Amino acid sequence: MTWRASDDILLQRLEDESVVEALFAAVVRAGGAPAAPGLHPRAGGLVDALRKIPRGAEAVAAALAGDVMPLARLVDELAFAGAPPELLHHLALFHRASAAALEETAPEAAASAWVRSLAAWFALAEERTYLARFEELVLGRDAARRGRGADAGIPPERVPLELVADVAARADAAASDLGQAGRAALLALARIDEAARIAGAPESAAARARAEAERRRNAAIEAALALIGEGLEEANVRGELTSQGRALLLRAVAVWTWTSNDEAVEHFVVDRADKIGWELYRARSWDALRHLLDPFRPMFDSLASRIERDPSRIAYAAGCAQMFVFLAEVDRHLPRKLELAERAVKICPTHRNGRIVLAAILCEQAMETMRAMVVFARRDRIERVEALLERAESLYASASELDEAKDMLRRVKRGRIAV
Amino acid sequence: MPFLDRAVGIDLGTTNSEIAWLPPSERDIVIFADRFGRRTVPSAVSWDEKAGAFVVGHAARSKRGTAAAPVESIKRKMGQKTTVSIGPHALSPEEVSSKILADLCERMKATLADKPLHGGGAPLELAARRAVITVPAYFDAPQVEATRRAGELAGLEVIGILQEPTAAAIYHTWKRRLEDGNFLVYDLGGGTFDVSILRCLGGEYQVLAIDGENYLGGDDLDRRYAEHLRKQLVEKGYALDLDVKGNDDDRRTFARLVHLAQEIKESLSTTDVAHVNKSDIAKDKAGESVSFEGEIGRADYEEIIGDLVETTMACCERALARSREVANVGVEDIDHVILVGGSTRVPLVVRRVTEAFCRDGSEPLRDDVDTCVALGAAVHAAHVGGTILGDAGLRVRVTTPLVAEGAKLRLGLTVEEAPRNATSIAIWHGEHALAEGSLGHALAEGSPGKQGLRFDLPLGEAEETHATLALQTSVGAPVGELPLTIHRGDLRPRPTALSRASVVAKDIALEVVRGGKRDRKVLLARGTGLPAQVTHLFFTADQSGAVVLRILQNRLPIKTLAVDVPRELPVGSPVEVVLRCDESMRLEAQATVGAQQIQAHIEPPPSPTGEAGDVEALLERAEKAKRALWGVLGSEFAREADLLVVGIREVLRTDPDKLAALSERLRHLVEEFHGGVGEGLVPPMARMEDAFDTLRRVVYRASGLVMGMERADWETRIDALYDKAMEAHAAGDGPTWRRVYNEVQALSETAYQEEFSLMRTDDPAWIVRRTLTLTWRAERVEQALAELVPSTTSEIRAMQAAERTRIEKWLAESVKKPLSKVEAVKDESATSEQRRSLEKVDAEIDRIEAAVERLPAIGLVTDRGAGG
Amino acid sequence: MRSTVDNPFERYDLDPREGIAAITRRLKELAEEARDEAERARIREAWEELTLHPARRLRAALFAHPETRAPLGTAPPALRRRASPEGAPGGGLELRDLAARPSVLDAIGALDAPDDDAVPSLEDDPVLRGRP
């Protein structure tokens with residue numbers, strides 16, 4: 001049998017298949033996943049398309065010789081502008097397959113793969129001629145019917161949204177077990193802008209995708225929190241909120257991690273801890289209150305920082321401030337108490353309880369200072385006490401401790417000892 | 001004698017029934033016809049006193065108006081728990097139907113006995129022991145199940161239930177050799193109306209949409225016109241003030257008028273004017289003989305029945321809207337309109353259907369309107385049932401057609417029964433073995449029928465190849481032989497493995513709880529192809545010690561499963577529910593909670609008699625209202641409505657008086673709360689607007705800076721939020737909409753802190769007002785508990801009773817007692833203590849109300865947390 | 001390991017461009033030969049997914065690797081640079097590594113055509129035609 005020109009095509013197909021699998025295996029391994037699933041032979045088209053771009057033929061040749069790294073680099077550094085649509089389409093699917101292979105074991109790497117896939121979809125969405133032809137071929141008779149106003153196809157601008165939906169479905173599916181795949185998906189959904197930037201996508205396209213991603217992301221987080229909400233409702237009607245509430249709410253810590261510290265989880269916890277907190281407060285169960293709030297301190301800190309950094313986030317200021325008020329009330333160490341109450345008033349300057357508690361603590365501190373004045377009161381110390389009480393009065397003029405502290409100050413000023 | 005058994009197709013109709021059979025050659029379908037050539041058999045059963053036997057068909061129908069009047073239109077009662085009397089017998093609807101089915105089969109048996117069909121010259125008995133029975137697509141599980149039981153009572157093996165529109169489409173594609181196209185099947189039978197949108201693709205079927213009216217058919221046209229005749233006769237002076245419901249004689253008189261109306265309808269189907277000259281139609285109340293003489297124009301007739309036809313057109317529009325949604329097939333994509341059912345002969349029907357759905361001057365297909373369903377069912381029966389060849393101790397099922405298009409035939413078969421020593425199978429044509437194969441292990445292990453065998457048979461040019469199928473021992477000795485005839489011809493398009501025989505007629509849903517409120521999660525949506533299996537993950541929502549799975553058909557419960565679980569099982573534990581529905585809508589549910597698994601076949605309860613449709617519609621409105629309402633308003637509505645809804649469902653089949661009372665109350669409640677709100681998003685727009693108003697008011701009232709921001713800044717910020725809300729509303733984006741709502745509420749709360757610092761809460765007047773409100777709330781809880789309709793499921797009833805006792809005790813201890821103490825105190829100085837006490841009572845009653853609200857939802861699972 | 005990006009076009013080796021008639025034909029064959037009811041149900045589901053709503057088919061097609069390779073049986077657009085024998089060390093490919101690949105079997109099936117070098121011209125390749 002003689003070697004014919006057409007046999008070259010066959011051989012090249014086989015080579016392309018093996019190269020794309022080797023490339024895929026390398027990417028998946030580098031991401032930390034144990035084994036790569038198989039790709040369809042048509043995925044070899046990616047290699048065929050890569051051969052045709054600058055430096056592509058060399059990189060493929062190197063891969064055939066056993067070194068896929070140049071090809072992997074080429075794929076990573078590829079500029080999407082001006083890339084042929086076939087290449088973009090293959091790349092979008094290649095990265096999607098990588099993301100899916102990595103999502104369980106290496107969520108961060110998977111998220112990056114999702115972002116690259118999404119970038120390729122963004123770029124592909126601009127290839128109107130390719131997409132129109134593609135749609136015509138796939139839809140056949142149905143495409144002809146589109147002329148009559150039926151909505152058979154997918155408009156090009158919705159193409160990236162299809163991937164957003166695909167990623168979001170993974171987040172949804174993991175909402176109950178907080179699986180890694182869902183974490184990867186949520187991370188990716190928060191990185192739409194990055195994908196749009198890589199692709200050089202127009203702002204209108206980025207905005208559409210961002211809105212869709214945000215909506216889907218919110219829905220997945222809402223679903224993850226819903227179960228906690230149901231549990232708390234049940235505990236509430238059984239009158240077990242104070243005994244069971246904490247254990248139920250603890251799951252929110254896992255959700256917070258799963259969502260890579262999403263603000264919505266912080267809002268949820270502040271809202272729910274408030275109700276349980278007040279029950280414990282009314283029952284004067286200080287230890288239980290402290291025990292309830294302890295695991296969530298990082299969340300309160302995070303939310304407080306968000307509010308401090310960005311004044312437009314004041315909506316949750318009151319709720320967050322209440323958490324710090326609770327923490328201040330149950331703390332036994334005066335400087336820490338003060339710090340916590342100060343934080344409450346800082347994030348929500350008008351917070352009633354915050355002002356009352358801070359005023360009380362300031363009075364307490366003033367009285368402590370005065371008690372330390374053994375025989376003579378130093379002038380600077382007196383001034384400091386005056387400043388403390390002045391601030392306490394400005395915060396909450398009718399604080400019950402204020403009269404006592406002022407009384408003590410008068411006595412100190414008259415040269416008597418504090419006590 | 002060896003036999004050949006191919007299943008028959010039976011159209012068990014309201015007015016008439018038909019039976020047909022597709023022979024192995026598949027050239028023409030055999031349909032039963034009596035000696036007058038009548039291909040339809042009236043669905044009428046009466047009792048012959050002399051012979052002491054049931055009479056079916058024309059013979060029974062001819063007894064109309066006599067003392068031995070036949071039972072007719074029994075199809076309308078299928079699935080109901082009722083009996084009708086025929087002679088000395090009281091029969092259930094399925095028993096009556098079984099008489100018709102048995103009669104049809106006897107007739108078909110006689111027809112087949114006359115058929116000169118022989119296998120290679122050897123005598124061969126043609127059997128029809130198996131059947132596919134058709135049902136309207138709108139039949140639901142109880143009705144389908146009753147139809148199946150009727151078949152079994154008639155001694156048939158019911159191998160499938162097929163929906164009538166699909167059967168009609170199968171026949172037309174078979175007859176006209178249509179491979180591809182979209183069909184609208186308009187089936188106006190005697191008692192039901194069905195419309196289906198189907199697609200045929202390479203001979204395979206997809207049901208894209210179904211719709212219809214369970215209680216609208218040709219009989220209704222007749223009754224409508226009979227009533228018109230009655231009024232005319234009364235105007236002429238006859239005493240025809242009839243009490244059809246309560247008086248047997250009146251009913252008989254009216255039946256005569258219906259019969260006359262039917263004749264007029266039939267006459268007007270072919271002429272423009274019907275001349276009626278009837279004397280002695282019946283005797284009126286005064287004993288006078290009634291006669292009618294006159295001319296009736298088609299236009300007059302059409303005016304009387306026009307609205308009934310329009311009702312069917314509305315069903316068609318709904319079906320087309322649905323098919324556009326699922327398959328992008330709209331009215332402009334319909335390639336063929338098929339008319340089915342005798343009532344489609346009414347010219348008005350043809351005209352309206354042609355105007356609305358036929359393209360470019362084409363006309364509806366109207367071949368065999370009376371019999372096409374049975375004919376299509378026969379084609380389908382031959383496909384799903386295959387051909388069973390058998391003899392004593394021998395049974396082979398051929399699963400592929402026995403018709404070859406070329407010189408080769410791919411034959412699939414399964415050996416279901418064979419002598420123990422048979423190890424191989426061979427197909428002989430004279431001295432030539434066309435194919436040979438091993439039986440494998442299937443038979444040796446005593447489980448025949450599992451393993452399918454495939455053979456490629458080379459064939460000659462002959463029209464028919466008379467072969468022999470032989471089962472052989474290991475040395476090739478034959479131990480059983482069956483004649484096998486293979487035909488040359490063209491294989492017409494017909495559905496195979498990809499098509500689904502039927503679709504779910506109504507939504508199958510599970511009752512779930514969302515945020516403490518009952519809700520519905522659709523597991524199998526109407527129109528889902530059967531067989532279907534779905535798996536859904538749910539989560540426990542309480543610690544009641546049981547998981548309650550209440551399966552609903554549309555909005556009415558059809559089965560409640562209760563799984564006992566440990567009380568320690570935490571809320572949020574996964575509950576996996578697998579629901580299977582086979583071709584005849586037989587449902588099976590399986591639930592897995594931890595290590596426990598329960599499985600249940602769902603015996604559909606009898607179809608509710610009376611105005612079930614009204615109750616369903618009311619429950620649907622209540623559900624819509626609940627979705628649209630939100631917040632305090634929503635809770636208030638749900639608190640009352642939920643108890644009523646649950647009560648209605650419990651008494652639906654048992655207590656009509658209570659049903660009416662509860663329905664009336666629910667109707668009022670829905671109207672009171674839900675004045676035409678039809679929004680999809682929760683909270684509804686009005687709630688969102690309220691939240692913004694509150695926020696704006698708080699900011700406006702504040703002097704100077706609020707939270708360090710100028711008022712102008714606040715306003716800009718509120719406007720931006722408002723825009724975001726409206727954007728989410730326009731996009732139907734629920735999660736963002738709720739987030740904005742939460743943010744607005746939180747903002748109000750934050751902004752409110754400033755005012756709050758100035759508030760006085762121990763005003764004695766305030767305390768009096770609070771006490772009154774709380775007392776009223778406590779009374780309302782007591783009332784709700786008293787009105788609770790307990791569940792009919794005993795496990796759940798026990799759980800409810802225990803919970804109710806707990807709530808009553810709780811209410812007494814934590815609400816009523818402290819309230820009476822507060823009321824007793826007249827000392828003004830104690831206000832701050834009273835205030836604290838009231839705050840506590842307020843918190844408790846909040847919880848008690850929530851607990852009462854959850855009472856009907858006890859044990860239900862939630863689908864929240866599963867994403868999507 | 002089953003891929004989590006399972007696609008019906010790829011699972012049943014269907015080319016999205018072939019249209020629903022071809023999809024139906026192929027899946028019908030597969031369904032009739034299916035080993036058990038579960039397999040048949042999966043095939044039926046795939047058929048519905050790919051034929052019911054055109055938008056669903058298009059979505060599935062977008063998520064399947066498109067056929068962009070040069071059609072078999074034609075000469076390559078430009079003569080390809082052959083890898084030199086000494087440039088293929090141990091890590092490279094040998095024919096026996098490829099022998100069992102399904103695509104080879106596919107390809108051999110495709111080469112059954114009577115005249116190997118005379119089958120479809122590039123003009124018939126829809127993707128190439130669609131390029132500017």
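Predicted model only: the values in this text are computed from it and were never measured. (Residues numbered from 1 in each chain as written. Chains lettered and ligands numbered in written order. Predicted model: local features only at pLDDT ≥ 70, side-chain atom pairs only at ≥ 80, totals over all residues.)

Student: Explain the overall build of chain A to me, and be specific about the residues and the numbers.
Tutor: Along the backbone of chain A there are 21 helices and zero strands. Relative to a compact globule of 419 residues, whose C-alpha radius of gyration would be 22 Å, chain A shows 31 Å and is clearly more extended. Classification of the 419 residues of chain A by burial places 56% in the buried group. Summarising the internal contacts of chain A: among those between residues at least 6 apart in sequence, 64% fall at separations of at least 24. (Helix = DSSP H or I, 4+ residues; strand = E, 2+ residues; numbered from the N terminus. Rg over C-alpha atoms; globule rule 2.2 N^0.38 Å. Buried ≥ 20, exposed ≤ 12 C-beta atoms within 10 Å, placed from the backbone. Contact = placed C-beta atoms within 7 Å.)

Student: I'd like to hear about the overall build of chain C, residue by residue, with values.
Tutor: Of the regular secondary structure elements, chain C holds seven helices and zero strands. Helices (α) and strands (β) of chain C occur, in sequence order from the N terminus, as α-α-α-α-α-α-α. Counting only residues that meet the buried cut, chain C has 28% of its 132 residues in that class. Contacts spanning at least 24 positions in sequence make up 58% of the contacts within chain C whose residues lie at least 6 apart.

Student: Requested: an account of the domain arrangement of chain A, with residues and values cited.
Tutor: Residues and elements named next belong to chain A. Domain assignment breaks chain A into domain 1 (239-350) and domain 2 (351-419). For domain 1 and domain 2, the distance between their C-alpha centroids amounts to 28 Å. The partner domain 2 presents 10 residues to the 15 residues of domain 1 that form the contact. Contributions of two or more residues to the side of domain 1 that touches domain 2 are made by α17 (317-330) and α18 (334-347). (Domains from an automatic or database assignment.)

Student: Go over the interface of chain A and chain B with me, naming the residues and quoting the values.
Tutor: Listed as interface residues are 41 residues of chain A and, on the opposing side, 40 residues of chain B. In the side of chain A that touches chain B, the residues fall into 18 nonpolar, 10 polar and 13 charged. (Nonpolar A, V, L, I, M, F, W, Y, C, P; charged D, E, K, R; others polar.)

Student: Can you lay out the pairing of strand β1 (residues 3-6) of chain B for me, pointing to particular residues and giving the numbers?
Tutor: Residue and element names in this part refer to chain B. Covered by surrounding structure in β1 are L4 and R6 only, the residues F3 and D5 on the alternate face being uncovered. As paired strands, β1 and strand β19 (residues 387-391) are joined by four bridges and run antiparallel to one another. Its bridge partner lying in β19, D5 is registered against I388. Pairing geometry for β1 and strand β10 (residues 125-127), over three bridges, is parallel. In the strand pairing of β10, D5 is matched with A127. (Pairing = 2+ DSSP bridges.)

Student: Give me the packing of helix α12 (residues 203-237) of chain A against helix α14 (residues 263-282) of chain A: which residues, what numbers.
Tutor: All names here are of chain A. Their axes nearest at 10 Å, the elements α12 and α14 cross at an angle of 20°. Taken together, α12 and α14 sit at an angle that is classed as roughly parallel. Here α12 and α14 pass one another in a crossing that is right-handed. Across from N218, I221, L225 and L232 in α12, the residues of α14 making contact are A264, V265, F268 and R272. Looking at side-chain class alone, the contact of α12 with α14 contains six nonpolar, one polar and one charged residues. (Axes fitted to C-alpha atoms, helices over the stretch in contact; angles between N-to-C directions. Parallel < 35°, antiparallel > 145°, perpendicular 65-115°, else oblique. Left-handed = near helix turned anticlockwise from the far one by under 90°.)

Student: Go over the sheet that holds strand β24 (residues 432-438) of chain B with me, naming the residues and quoting the values.
Tutor: The strands that make up a sheet pair up through hydrogen bonds in the backbone, lying either parallel or antiparallel. Residue and element names in this part refer to chain B. Here five strands make up an open sheet; going across it, the order is β21-β27-β26-β23-β24 and the pairing mixed. The two strands at the open ends of the sheet, each matched to only one other strand, are β21 (403-404) and β24. When β21 meets strand β27 (residues 478-488), the two strands line up parallel, connected through two bridges. Across the sheet, the residue bridging to V403 is H487, located in β27.

Student: Got a sec to walk through helix α14 (residues 711-731) of chain B? Specific residues and values, please.
Tutor: Residues and elements named next belong to chain B. With 21 residues, α14 should reach 30 Å at 1.5 Å per residue; the first-to-last C-alpha distance of 30 Å fits that figure. By the burial criterion, the buried members of α14 are W714, L721, A725 and A728. In a view along the axis of α14, the buried residues occupy a sector of 60°, so they form one face of it. Projecting away from the buried face of α14 at angles above 90 degrees are the exposed residues A712, T716, D719, A720, D723 and A730. In the segment just after α14, G732 is the residue with positive phi, at about 65°. (Expected span 1.5 Å × (residues − 1). Arc of directions from axis to C-beta.)

Student: How would you explain unusual backbone geometry if you had to name every residue and give the values?
Tutor: Note the cis peptide between L530(B) and P531(B), where omega equals 5°. Among the secondary structure elements, P531(B) is positioned in the loop between β31 (529-530) and β32 (532-540). A positive phi angle, near 50°, is found at L178(A), a position not held by glycine. Summarising the element assignment, L178(A) is placed in the loop between α9 (159-173) and α10 (180-189). The partly exposed category is assigned to L178(A), around which 15 C-beta atoms lie within 10 Å.

Student: Could you give me a rundown of the pairing of strand β13 (residues 181-188) of chain B, with the residues and numbers involved?
Tutor: Successive side chains on a regular strand alternate, one facing one side of the sheet and the next facing the other. Residues and elements named next belong to chain B. For β13, the buried fraction is high: seven of the eight residues fall into the buried class. Across eight bridges, the pairing between β13 and strand β14 (residues 193-201) is antiparallel. Each bridged residue has a counterpart across the sheet, and for L188 the counterpart in β14 is F193. Taken together, β13 and the strand that follows it, β14, pair antiparallel across an intervening segment of four residues. Note that β13 and strand β18 (residues 336-340) share five bridges and pair parallel. Bridging from a neighbouring strand, L184 pairs with V337 of β18.

Student: Residue-level account of the sheet that holds strand β22 (residues 408-417) of chain B, with values.
Tutor: All names here are of chain B. Spatial ordering of the open sheet is given by β10-β1-β19-β20-β22-β25, a layout of six strands whose pairing is mixed. With one partner strand each, in any of the chains shown, β10 and β25 (452-458) form the two edges of the open sheet. On average, each strand axis in the sheet is tilted by 25° relative to the strand beside it, whichever way the strands run. Here five bridges tie β19 to strand β20 (residues 394-398), and the two strands are oriented antiparallel to one another. Counted as the bridge partner of T387 is V398 from β20.

Student: Which residues make up the environment of L178(A), and what are the values?
Tutor: L178(A) sits 46 residues away from A224(A) along the chain, and the two C-alpha atoms are 7.5 Å apart. Dropping the residues within four chain positions of it, L178(A) is found in contact with A224(A), A254(A), V255(A) and W258(A).

Student: Just give me the short version of the confidence of the model for chain C, but keep the residues and values in it.
Tutor: Interpreting fine coordinate detail is not advised for predicted regions of low pLDDT. Residue and element names in this part refer to chain C. Averaged over chain C, the pLDDT score is 67; the fraction of residues at 70 or greater is 51%. A low-confidence stretch, residues 79-122 stays under pLDDT 50, and its non-local contacts, those more than four residues away or across chains, total 48 contacts. With pLDDT under 50 throughout, residues 128-132 is counted as low confidence; its partners more than four residues away or in other chains account for five contacts. Across the interfaces of the predicted complex, the ipTM metric reaches 0.80, alongside a pTM of 0.79. (pLDDT = per-residue confidence, 0-100.)

Student: Can you break down the environment of D249(B) residue by residue, with the values?
Tutor: Residues and elements named next belong to chain B. By the secondary structure assignment, D249 is in helix α6 (residues 248-268). For D249, a count of 12 C-beta atoms within 10 Å puts it in the exposed group. In this structure, the C-alpha to C-alpha distance between D249 and K283, residues 34 residues apart in sequence, is 9.7 Å.

Student: Tell me what's going on with the packing of α17(A) against helix α19 (residues 352-371) of chain A, and back it up with residues and numbers.
Tutor: Residues and elements named next belong to chain A. Running from amino to carboxyl end, α17 crosses α19 at an angle of 30°, the nearest separation of the two axes being 9 Å. The orientation of α17 with respect to α19, classified from their angle, is roughly parallel. Considering only the axes of α17 and α19, their crossing is left-handed. Here A321, Q322, V325, A328 and E329 of α17 lie close against α19, whose contacting residues are N353, G354, V357 and I361. When its residues are assigned to classes, the contact of α17 with α19 shows five nonpolar, three polar and one charged.

Student: Explain the environment of A55(C) residue by residue, including any values.
Tutor: Residue and element names in this part refer to chain C. For A55, the position within the fold is in helix α4 (residues 54-62). Owing to 19 C-beta atoms within 10 Å, A55 belongs among the partly exposed residues under this scheme. Sequence-wise, A55 and A70 are 15 residues apart; in three dimensions their C-alpha atoms are separated by 28 Å.

Student: So what about helix α3 (residues 56-64) of chain A? Which residues, and what values?
Tutor: What α3(A) keeps buried is the set G56(A), A59(A), V60(A), A63(A) and L64(A). Taken end-on, α3(A) shows its buried residues confined to a sector of 145°, consistent with a single buried face.

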